[in-house]
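Residue-level structure breakdown
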Amino acid sequence: MTQLETERLVLREPEQGDLDALAAIFADPETMRHLGGYPRNRDQVQVGLDNTMRHWRRYDIGMFILVRKADAVVLGRVGFLVWDTASWANGLQDDVGEPYETELGWTVGREHWGQGYAPEAAAAAREWIFAEREDLSRLISLINLENRASIRVAEKIGAIPGRIVEGPPFTGPTCVYEHER
């Protein structure tokens, strides 16, 4: 099991015991506004958790669970998702063959916004994957143009805005931010 640590955070692979915390985060309409556009119920979060764990097994990378060290509270998730950029299918729903792009993404529960957890965790995850995968020359972050908070996170960790993509599965115009090695 892969686990990373920062000064305040633990990033670890997901487990079934994370369901309650993730269900609370993904049930919040404001948190989900730019992540598919609607809140998720517990059954949908369970499917997502199962798919996230499968993604780890299939690709040897995936979304980490983001845990605050001080009190072991689950704050959200940060990590990696593979995408076929021709069809915009991702490794949570489909088996994506190579070549694919690797996205660095993050979701933090609303009650934890504004405390610097997302950039701290995203920077640690980025450093880890570039150290682990010498063949990986870049990452992308797919960010809805209305998601100012995630744009700030991407800028704080040095991502560069690239092309704009639209249409399914995106809920609006989305910038492909690039993280170079």
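Report follows, based on the coordinates. (Residues numbered from 1 in each chain as written. Predicted model: local features only at pLDDT ≥ 70, side-chain atom pairs only at ≥ 80, totals over all residues. Heavy atoms only, no water.)

In this description, a pair of aromatic rings is defined by centroid distance and the angle of the planes. By the definition in use, this model includes eight aromatic pairs. Between Tyr-59 and Tyr-100 the ring centres are 5.7 Å apart and the planes differ by 80°, which places this aromatic pair in the edge-to-face class. Note that Tyr-59 is positioned in helix H3 (residues 42-59) and Tyr-100 in the loop between strand S5 (89-90) and strand S6 (101-108), a separation of 41 residues in sequence. Taking relative accessible area as the criterion, Tyr-100 reaches 22% and is therefore assigned partly exposed. Note on Trp-88 and Phe-170: the rings are 5.2 Å apart at their centroids and 75° apart in plane angle, and the pair reads as edge-to-face. Pair noted here: Trp-88 is in the loop between strand S4 (74-84) and S5 and Phe-170 is in the loop between strand S8 (160-165) and strand S9 (174-180), with a separation of 82 residues, a long-range link. A network of ring pairs unites the aromatic residues Trp-56, Phe-64, Phe-80 and Trp-128 as a single cluster. One cation-aromatic arrangement involves Arg-40 over Tyr-38; the distance from NZ or CZ to the ring centre is 4.0 Å. (Phe/Tyr/Trp six-rings, centres within 6.5 Å; stacked < 30°, edge-to-face > 60°. Helix = DSSP H or I, 4+ residues; strand = E, 2+ residues; numbered from the N terminus. Buried < 20%, exposed > 50% of the residue type's maximum accessible area, 1.4 Å probe, protein only. Lys NZ or Arg CZ within 6 Å of the ring centre and 35° of its normal.)

Attention now goes to the side chain of Asn-144. You can see Asn-144 is positioned in strand S7 (residues 138-144). Taking the relative accessible area as the measure of exposure, Asn-144 reaches 9% and is therefore buried. A distance of 3.2 Å separates a polar atom in the side chain of Asn-144 from a polar atom in the side chain of Thr-171. Setting aside chain neighbours within four positions, we find Asn-144 in contact with His-34, Ile-151, Thr-171, Gly-172, Pro-173 and Thr-174. (Polar contact = N/O pair within 3.5 Å; in protein donor to acceptor, adjacent residues only side chain to side chain. Contact = heavy atoms within 4.5 Å.)

Moving on, we come to the pattern of salt bridges. Applying the stated rule across the entire model yields twelve salt bridges. Asp-71 is the salt-bridge partner of Arg-68, the closest N and O atoms lying 2.9 Å from each other. Among the residues examined, Asp-71 registers a relative accessible area of 41% and is labelled partly exposed. Ionic pairing is found between Glu-178 and Arg-138, a salt bridge with its closest N-O pair at 3.1 Å. (Salt bridge = Lys/Arg side-chain N within 4 Å of Asp/Glu carboxyl O.)

A separate point is the nonpolar core. With 35 residues, the main nonpolar core has Leu-11, Phe-64, Phe-80, Leu-104 and Trp-106 as its most contacted residues. For this core, the element with the highest residue contribution is helix H4 (residues 117-132), accounting for nine residues. Those residues in contact with Leu-104 that lie beyond four places of it in its chain are Val-78, Gly-79, Phe-80, Ala-122, Ala-125, Arg-126, Leu-139, Ile-140, Ser-141, Ile-157 and His-179. Membership of the second largest hydrophobic core comes to twelve residues, among which are Val-10, Ala-23, Val-45 and Val-74. (Core = buried A, V, L, I, M, F, W, Y, C linked by side-chain atoms within 4.5 Å.)

Here we take up the pairing of strand S3 (residues 63-68). Among the six residues of S3, six are classified as buried, and the element is accordingly described as predominantly covered. Of the two faces of S3, the one carrying Met-63, Ile-65 and Val-67 and the one carrying Phe-64, Leu-66 and Arg-68 are both buried. Both S3 and S4 contribute to a ladder of five bridges, which runs antiparallel. Paired with Ile-65 across the bridge in S4 is Arg-77. (Pairing = 2+ DSSP bridges.)

Compared with an ideal rise of 1.5 Å per residue, which puts 16 residues at 22 Å, H4 spans 22 Å between its outermost C-alpha atoms and is within 8% of the ideal. Burial within H4 is extensive, with twelve of its 16 residues counted as buried. (Expected span 1.5 Å × (residues − 1).)

Moving on, we come to unusual backbone geometry. For the bond from Glu-98 to Pro-99, the omega torsion is 0°, close enough to zero to count as cis. Backbone torsion omega between Pro-168 and Pro-169 reads 10°, so that peptide bond is classified as cis. Its location among the elements puts Pro-169 in the loop between S8 and S9. For Ala-72, which is not glycine, the phi torsion reads 60° and is therefore positive. Here Ala-72 lies in the loop between S3 and S4. With a phi angle near 60°, Trp-88 is a residue other than glycine that sits in the positive phi range.

Just geometry here; none of it tells us what the structure is for.
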